[in-house]
Amino acid sequence: MFDAQSRREFLRRALAAGTATLGAAPLRRAIAEDTAPAAKPGSDQLRIAVIGVANRGMDNIREIQHEAIVALCDVDQRNLAAAATMFPSAKKYIDYRRLLDEGGFDAVLVATPDHSHAIPVVRALAAGHDVYCEKPLAHSVWEVRQMRELAARQKAVTQMGTQIHAGDNYRRAVEIVQAGILGDVTRVHVWHGGTVRPGQRVAQGNPPPEVDYDLWLGPAPERPFHPSHFHFNWRYWWDFGGGTLADFGCHYMDLPFWALGLRSPTTISSVGEKDYAGDNDVPGSQQVEYHFPATDKQPAVHLTWYHGQRKPEGAEQYGRGSAVLFEGTKGRLLADYSTHKLFMDDGGEPMAPAESIPNSIGHHAEWLKACRERGTTTCNFDYSGALAEAVLLGNVAYRAAPGETLAWDAERLEFADCANAAQFVRREYRKGWSLGV
């Protein structure tokens, strides 16, 4: 049906036969109750499998529902049943490993919690599928790097779910910076007003009967069930997420990464506070200092991330609870998701530059079009992977050596001057789970 179909089918069969193994744990779950054949798509439809069908997963489904949704997977059978009402002919699965082994689709959308992004994405890529994955791509820097490299080797069409990247406002802000209106930009402040939903640890707990909690834990450390680390709340525990930085960093830092062509930082430091009542371990307020090297197009950049009670000095004058501030030699640019405003040093109001970045056809539509035409996307895993790595490195610095400036070796994936950081760059999986690379 598509140019890459024969390649995908060969890889899928090889994986199933064991000639392209991933070292995944043996399958322990059967397919969910509906084993009817998948819907037969029309000739112009992509066959898509969705892993994680609630919340962000459902938001994504609504954007791609005109395609052939042939498989749905979720560890919560209530969520699975709700999604299945929209696609009664789709196969339903509890275990994504079974879904990926059986195949029968062209592309995979992954919208699980962060701690369980990497394994299904890597398996899907290895089987020759195109992939859409929610931010921040994975739970650890090492996982993100494996996903980036495998996507490149497979020539897969990929997109990270940073939907605001498709908005017109970001495009106009990028054009202003790249047109040189601000002069040389060497300083960026990025802040977000969000904080933590406090939760608690318990000695024992019982998950709802509709939930396969062991599968939900996946590679994460085993701990008793409690609602305050389940579904949306997993974001606020190191075992499953990365706090406010991992939740919003890719959305807001995306703008300076795009406008200034940033890639890997050379040094990072982070401080923060657990300024809330709860057993969670992520900081409620945090500040991260990133230093990026100069390039042939851009001088060195010092970027600071702030969230919670931490904000840049004078942030109140801008009247934004969350924003990006570019500081150049000629002026400043303030931007958030939907607005931007210039503050020129000479008090002038420069003409807006010509629109040089075409408006997006839609974040999901970009991915679907590229899947059909074997093109690329604006948030492919090469671009978005570099962004996600930088975001996650802020948490590594905070956990490994708060307040210390650490030198990052992006090629070797290590902080040579901080041996303690290695455990946070690459986390240890629970017994029985492996990325397989």
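Our structure is the block above this text.
Definitions and limits used
- Residues numbered from 1 in each chain as written.
- Predicted model: local features only at pLDDT ≥ 70, side-chain atom pairs only at ≥ 80, totals over all residues.
- Heavy atoms only, no water.
- Buried < 20%, exposed > 50% of the residue type's maximum accessible area, 1.4 Å probe, protein only.
- Helix = DSSP H or I, 4+ residues; strand = E, 2+ residues; numbered from the N terminus.
- Contact = heavy atoms within 4.5 Å.
- Salt bridge = Lys/Arg side-chain N within 4 Å of Asp/Glu carboxyl O.
- Pairing = 2+ DSSP bridges.
- Axes fitted to C-alpha atoms, helices over the stretch in contact; angles between N-to-C directions.
- Right-handed = clockwise from strand over helix to strand, strands pointing away.
- Parallel < 35°, antiparallel > 145°, perpendicular 65-115°, else oblique.
- Nonpolar A, V, L, I, M, F, W, Y, C, P; charged D, E, K, R; others polar.

(A) Looking closely at helix α11 (residues 363-373). Buried within α11 we find His363, His364, Glu366, Trp367, Leu368, Ala370 and Cys371. As for α11, its buried residues are in contact with β1 (47-51), α2 (56-64), β4 (107-110), β5 (130-134), β6 (158-161) and α7 (168-178).

(B) Layout of the pattern of salt bridges. Under the defined criterion, the tally for this structure stands at 30 salt bridges. Here Asp76 ties to Arg78 by a salt bridge, and the two come within 2.9 Å at their closest N and O atoms. Overall, Arg78 belongs to the partly exposed group, its relative accessible area being 42%. Residue Lys91 pairs with Glu102 through a salt bridge whose shortest N-O separation is 3.6 Å. Of the two residues, Lys91 is situated in strand β3 (residues 91-93) and Glu102 in helix α4 (residues 96-102); the sequence distance between them amounts to eleven residues. Assessed through its relative accessible area of 28%, Glu102 is described here as partly exposed.

(C) Local environment of the sheet that holds β6. Spatially, β3-β2-β1-β4-β5-β6 is the arrangement adopted by the six strands of the open sheet, whose pairing is parallel. Either end of the sheet is taken by a strand with one partner, and the two such strands are β3 and β6. Taking each pair of neighbouring strands and ignoring which way they run, the sheet shows an average axis angle of 20°. Inspection of the sheet shows β1 paired to strand β2 (residues 68-73) by five bridges, in the parallel sense. Its bridge partner being in β2, Ile51 is matched across the sheet by Cys73.

(D) Representation of the pairing of β5. Among the five residues of β5, five are classified as buried, and the element is accordingly described as predominantly covered. Side chains Asp130, Tyr132 and Glu134 project from β5 onto one buried face, and the interleaved Val131 and Cys133 project onto a second face that is buried too. With four bridges connecting them, β4 and β5 associate as parallel partners. Pairing of Leu109 across the sheet is with Tyr132, part of β5. Since β4 and β5 lie parallel, the crossover through helix α5 (residues 118-126) that links them has a hand, and here it is right-handed. Bridging between β5 and β6 involves four bridges; their strand directions are parallel. Along β6, the bridge assignment pairs Val131 with Thr158. Handedness of the crossover joining β5 and β6 through helix α6 (residues 141-154): right-handed.

(E) A look at the packing of α6 against helix α12 (residues 381-400). In the contact formed by α6 and α12, the axes pass within 9 Å of each other and the chain directions differ by 170°. Relative to α12, the element α6 is oriented roughly antiparallel. Facing Val141, Val144, Arg145, Met147, Arg148 and Ala151 of α6, the residues of α12 in contact are Phe381, Asp382, Gly385, Ala386, Ala388, Glu389, Leu392, Leu393 and Val396. Of the residues assigned to the contact of α6 with α12, the class counts are ten nonpolar, one polar and four charged.

(F) Expanded view of unusual backbone geometry. Each neighbour pair has its own omega, and for Lys135 with Pro136 the value is 0°, a cis peptide bond. For Pro136, the position within the fold is in the loop between β5 and α6. Positive phi values are uncommon outside glycine, yet Lys155 reaches one of about 55°. For Lys155, the location among the structural elements is in the loop between α6 and β6. Notably, Leu413 is not glycine yet its phi reads approximately 55°, a positive angle. Checked against the element boundaries, Leu413 lands in the loop between β14 (406-409) and β15 (414-415). Judged by its relative accessible area of 16%, Leu413 falls in the buried class.

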